[in-house]
Amino acid sequence: MAISSLQKLASQITKSPSFALSSRAVIARFSASSSSTSAKVSDRLVKLFAVDPDGIKCQILGLSGQTLLKALTNKGLIDPDSHRLEEIDACSAECEVHIAQEWLEKLPPQSYDEQYVLKRNSRSRVLNKHSRLGCQVILTQELQGMVVAVPEPKPWDIP
């Protein structure tokens, strides 16, 4: 009963235009993870493929409702210390990934905040249509088999 009332509240809040986009992402993650609490973990597994900066393709496992960033840090492809918070306000685009063309349509459109962060951290201030922030991509069962590329760190991001 508590979960259903939270889901109703979440649907009402997400319809509010004044509600922050980052808060909507948190609610979406909670709703996705709480709706499947009775399901087995194996039913929530999402298998992805990531290509590291050396061109090596490896399989990544994540859970529905989890961010792509979390799955990539669990595999060691993104340094967990480089991105401690999964909110867009704290993002410095170090979790930038490139999504294969055939998977772009299956993702929700980029928010204004995500576009701003990506453009701000791009050298030429031009947005690559394949670029997404891993902290903003929420894994779902529809993303089974998605291919992402983890780009090399930008020279100005290397300590």
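The rules behind each value
Numbering of residues starts from 1 in each chain and follows the order in which that chain's sequence is written. Owing to the predicted nature of the model, reporting of local features is limited to residues with pLDDT of at least 70; listing and counting of side-chain atom pairs is limited to 80 or more, with chain, interface and lining totals taken over all residues. The basis for every side-chain value is the complete set of heavy atoms in the structure, and neither hydrogens nor water enter the calculation. Helix and strand assignments follow DSSP, with helices taken as H or I runs no shorter than four residues and strands as E runs no shorter than two, numbered in order from the N terminus. A contact between two residues is defined here by any heavy atoms of the two lying within 4.5 Å. Here the open area of atoms and residues is found with the Shrake-Rupley method and a 1.4 Å probe, where only the protein chains shown may cover a residue. Among buried residues, those of type Ala, Val, Leu, Ile, Met, Phe, Trp, Tyr and Cys that are joined through side-chain atoms within 4.5 Å constitute a nonpolar core. Each residue gets one of three labels from its accessible area relative to the maximum for its type: buried under 20%, exposed over 50%, partly exposed in between, using a 1.4 Å probe on protein chains only. Only strands joined by at least two bridges in the DSSP assignment are considered to pair. For the purposes of these results, a polar contact is taken to be a pair of N or O atoms within 3.5 Å, where, inside protein, one atom must be able to donate a hydrogen and its partner to accept one; residues adjacent in sequence count only when each atom of the pair is a side-chain atom. What makes a salt bridge here is a side-chain nitrogen of Lys or Arg within 4 Å of a carboxyl oxygen of Asp or Glu, nothing more.

As annotated in an unreviewed UniProt entry, the protein carries the name 2Fe-2S ferredoxin-like superfamily protein and is attributed to Abeliophyllum distichum.

Visitor: Any chance you could explain the overall build of the protein here in plain terms?
Guide: Assigned secondary structure in the protein consists of six helices and five strands. Long-range pairs, those at least 24 residues apart, make up 65% of the contacts in the protein between residues at least 6 apart in sequence. Carbon together with sulfur atoms contributes 56% to the accessible area of the protein, which is approximately 9300 Å² in total.

Visitor: Looking at this model, I keep getting lost on the nonpolar core. Mind explaining?
Guide: One broad trend across soluble globular proteins is that nonpolar side chains are buried collectively. Core analysis: the biggest nonpolar cluster contains 28 residues, and Leu 68, Leu 72, Ile 99, Leu 133 and Met 146 have the highest contact counts within it. Of all the secondary-structure elements, those providing two or more residues to this core are β1 (45-51), β2 (57-63), α4 (68-75), β3 (96-99), α5 (101-104) and α6 (112-120). A per-element tally of this core places α4 first, with four residues. Among all residues touching Ile 99, those that are not within four sequence positions of it are Leu 68, Leu 104, Leu 107, His 130, Arg 132, Met 146, Val 147 and Val 148.

Visitor: What should I look at first to understand the pairing of β1 in this one?
Guide: The two faces of the sheet receive side chains in turn, since in a regular strand these alternate between them. Of the two faces of β1, the one lined by Val 46, Leu 48 and Ala 50 is fully buried and the one lined by Leu 45, Lys 47, Phe 49 and Val 51 carries no buried residue. Examined bridge by bridge, β1 and β2 share seven bridges and lie antiparallel to one another. What sits directly across from Lys 47, in β2, is Leu 61. Here β1 folds back onto β2, and the loop between the two strands holds five residues, one of which, Gly 55, carries a positive phi near 90 degrees.

Visitor: Honestly, α4 in this entry has me stumped. Any pointers?
Guide: The α-helix winds at 3.6 residues per turn, so residues separated by three or four positions along the chain end up facing the same way. Listed as buried for α4 are Leu 68, Leu 69, Ala 71, Leu 72 and Thr 73. Here the buried face of α4 lies against β1, β2, β3 and β5 (147-149). Just past α4, the residue Gly 76 takes up positive phi, approximately 90 degrees.

Visitor: I tried to follow the environment of Asp 52 on my own but got confused; where do I start?
Guide: Here Asp 52 shows up in the loop between β1 and β2. It is 8.9 Å that separates the C-alpha atoms of Asp 52 and Val 148, two residues lying 96 residues apart in sequence. There is a polar contact of 3.0 Å between the side chain of Asp 52 and the backbone nitrogen of Asp 54.

Visitor: Is there a simple way to explain the pattern of salt bridges in this structure?
Guide: Taken as a whole, this structure holds one salt bridge when the rule is applied. Arg 132 serves as the salt-bridge partner of Glu 114, at 2.9 Å between the closest nitrogen and oxygen. Here Glu 114, found in helix α6, pairs with Arg 132, found in strand β4 (residues 131-133); they are 18 residues apart in sequence, far enough to count as distant. Using a relative accessible area of 2% as the deciding quantity, one classes Glu 114 as buried. On the basis of relative accessibility, which here comes to 5%, the residue Arg 132 falls in the buried class.

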